[in-house]
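Structural characterization, general
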Amino acid sequence: MPAFTYQKCSDLSQAMKWLAEDKDTFLLAGGTDLLVGIRGGKFKARQVADIKDIEELKILKEDQKGITIGAGVTLNEIAQFEPVQKNVPILAEGCNSIGTYSVRNRATLVGNICNASPAADTAAPLYCLGAIVKIAGPGGERQVGIEDFFTGPGQSALKAGELVTAILIPKPYPQGKGVYKKASRTRSVDLATVGVAVQRWGQEVRIALGAVAPTPVRASSVEKAINEENVTDAAQAASLVEKDISPISDLRGSREYRYHISKVLVRRGLEETEEVCS
Amino acid sequence: MTEKLTISFTVNGMEEKREVPPHQTLLKFIREELKLTGTKEGCEVGECGACMVLLDNIPVNSCLVLAAELDGKELVTIEGLAKNGELDRVQKAFIDHAAFQCGYCTPGMIISARALLERNPNPTDEDISAALSGNLCRCGAYQEIRQAIKACSK
Ligand SMILES: Cc1cc2nc3c(=O)[nH]c(=O)nc-3n(C[C@H](O)[C@H](O)[C@H](O)COP(=O)(O)OP(=O)(O)OC[C@H]3O[C@@H](n4cnc5c(N)ncnc54)[C@H](O)[C@@H]3O)c2cc1C
Ligand code: FES
Ligand code: FES
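Just so you know, these numbers come straight off a predicted model, no measurement behind them.

**Concerning the interface of chain B and chain A**
In this complex, chain B contributes 28 residues to the contact, which on the side of chain A involves 25 residues. Between chain B and chain A the total buried area reaches about 2200 Å² when both faces are included, carbon and sulfur atoms providing 62% of it. Taken together, the connections running from chain B to chain A amount to four salt bridges. Secondary-structure elements contributing two or more residues to the side of chain B that touches chain A are strand 3 (52-55), strand 4 (58-61) and helix 4 (125-131) of chain B. It is strand 4 of chain B that provides the largest number of residues to the side of chain B that touches chain A, a total of four residues. Residues that form the side of chain B that touches chain A fall into these classes: 16 nonpolar, seven polar and five charged.

So, in structure tokens, the structure goes:
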């Protein structure tokens, strides 16, 4: 492991101070991307600032605004949180599809989106839920919608010195069924070749995909066909997804395969959530 | 540039204070400093589970944790399961069911199994698969491992 210094942060201002002092400071939450990345040479860290035990980042609560998930909360804690299971099970499904049980004991939701992989498994569910990303930085606090947070592979809307404090899943919650469908090379530990979230909102549907474009994307063409043009045939609607995606070929699958499997998973997602919409 | 950090923690019930390089993984620290070599090194990237330990009672991949993160926490390794020279019941069940061939994955398997049985004394096949999703056995002793865990259920 390449050498770096380690700073344990007990509050947010400390974390921001380290970020401001040295631009080669990396925040450490669960470390499941960061430590692998440092060891593999992807991240050149001079300093690591550990934020996972900061009290205010451990917040996991439901109130009149919705569900707030702090940056220190792990994927297993989220998937087991009753308001998540009850109101937005698609998010629990996304969390549970990541890695292994022991990885999820460390990995955080905020780490998953800050890593900004186009294949991040929580992204598509968060797109469907209209999640809001809460950010703190030298200029104060701000928030951005999840769809504006991802800006490219490994790139997010975070500016120098900023960090994510929490994600809000806003009310009203969707009325209707949601599923997250993941195609990967093995049934156990692998990133998504394609990930598809389908969430019914009453008569309407929201669909998002991961690993098929530089960022996660909404399937706007499919949504429009169903929500506005009264297309009821799932296969016909799903075939429109090719307008919404621009996949590449890599070790997990070819571009052609990704086009194909995207249609298949969107169709299955529509079929599996269908009964609730009528 | 990398001055050592002082950390205080308990390991298998004993209080300890040590100096660690900031970039050392918990796995390296356990094996090379604490000399507890029951915890194994496999992939070093979180995929195999040979390095599984309990950190504040939760199973984690010690290759994905820094030794520095151990400060103030409680660590249990495979060596900490036996009490008064007697093996823990999960360890015994693994022996009774011959739940290994080479044994390299076994410490990690037993750590995950122990944690599972503690939070769920009567796990289904599905619960077992989910809880051990991070433990690979290249010898393929999965069926025997499953039987050993079932034998420990209530
Ligand atoms: C074996 C294994 C399997 C995996 N499988 C999957 C999978 O199937 N699907 C998937 O999507 N991912 C997978 N991952 C990747 C990883 O586990 C997830 O992305 C995880 O959610 C990252 O969270 P973390 O808390 O560990 O992040 P960390 O590694 O701590 O951080 C990730 C990145 O975000 C930055 N960061 C962390 N917190 C903040 C913050 N609050 N503000 C700003 N920046 C921050 C860090 O500096 C770092 O660059 C896997 C990893 C491993 C090791
Ligand atoms: S060595 Fe840690 S998971 Fe393989
Ligand atoms: S017994 Fe050999 S790896 Fe499991």
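**So, the domain arrangement of chain B**
Reports of interface size often rely on the accessible area that becomes lost once the parts have come together. Residues and elements named next belong to chain B. Structurally, chain B comprises domain 1 (5-80) and domain 2 (89-153). Here the C-alpha centroids of domain 1 and domain 2 sit 21 Å apart. With 16 residues of domain 1 in contact, the opposing surface of domain 2 contributes twelve residues. Roughly 1100 Å² of surface becomes buried between domain 1 and domain 2 when both sides are summed, with 63% attributable to carbon and sulfur atoms. The largest share of the area that domain 1 buries against domain 2 comes from Lys40, Met52 and Ile78, three residues that together contribute 42% of it. One can count four residue pairs in polar contact (both at pLDDT 80 or more) joining domain 1 with domain 2. With three residues, the single largest contributor to the side of domain 1 that touches domain 2 is strand 3. The residue makeup of the side of domain 1 that touches domain 2, split by class, is eight nonpolar, five polar and three charged.

**Quick word on the sheet that holds strand 6 (residues 132-137) of chain A**
In any sheet, the strands associate via hydrogen bonds between backbone groups, in a parallel or an antiparallel arrangement. All names here are of chain A. Ordered by their spatial adjacency, five strands build an open sheet running 4-5-10-6-7, and the pairing between neighbours is antiparallel. If you trace the sheet from one side to the other, it starts and ends with strand 4 (60-63) and strand 7 (140-145), each paired once. Across the sheet, the mean angle separating the axes of adjacent strands is 20° when strand polarity is ignored. Bridge count between strand 6 and strand 10 (residues 163-170): five bridges; the pairing is antiparallel. Across the sheet, residue Ala136 finds its bridge partner in strand 10, namely Leu163. In this fold helix 1 (residues 12-21) packs onto strand 6 and strand 10, with an angle of close to 130° to the strand it touches most, strand 10.

**Notes on the layout of surface pockets**
A volume near 1100 Å³ is recorded for the second largest pocket. Lining the second largest pocket are 34 residues, and of these Arg187 and Ser188 of chain A together with Ser129, Ala130 and Ser133 of chain B lie nearest its centre. The set of elements that each furnish at least two residues to the lining of the second largest pocket consists of helix 3 (75-79), helix 5 (89-96), helix 6 (101-104) and strand 11 (178-183) of chain A together with helix 3 (106-119), helix 4 and helix 5 (142-151) of chain B. Here the residues of the lining of the second largest pocket are counted per class, giving 14 nonpolar, twelve polar and eight charged.

Parameters at a glance
- Residues numbered from 1 in each chain as written.
- Chains lettered and ligands numbered in written order.
- Predicted model: local features only at pLDDT ≥ 70, side-chain atom pairs only at ≥ 80, totals over all residues.
- Heavy atoms only, no water.
- Contact = heavy atoms within 4.5 Å.
- Buried area = accessible area lost by both parts, 1.4 Å probe.
- Salt bridge = Lys/Arg side-chain N within 4 Å of Asp/Glu carboxyl O.
- Helix = DSSP H or I, 4+ residues; strand = E, 2+ residues; numbered from the N terminus.
- Nonpolar A, V, L, I, M, F, W, Y, C, P; charged D, E, K, R; others polar.
- Domains from an automatic or database assignment.
- Polar contact = N/O pair within 3.5 Å; in protein donor to acceptor, adjacent residues only side chain to side chain.
- Pairing = 2+ DSSP bridges.
- Axes fitted to C-alpha atoms, helices over the stretch in contact; angles between N-to-C directions.
- 1 Å grid on protein atoms, 1.4 Å probe; cavity = no way out; pocket = protein on both sides within 12 Å on 5 of 7 lines; lining within 4 Å.
- Points joined across faces, edges and corners; volume = space filled by probe spheres on them.

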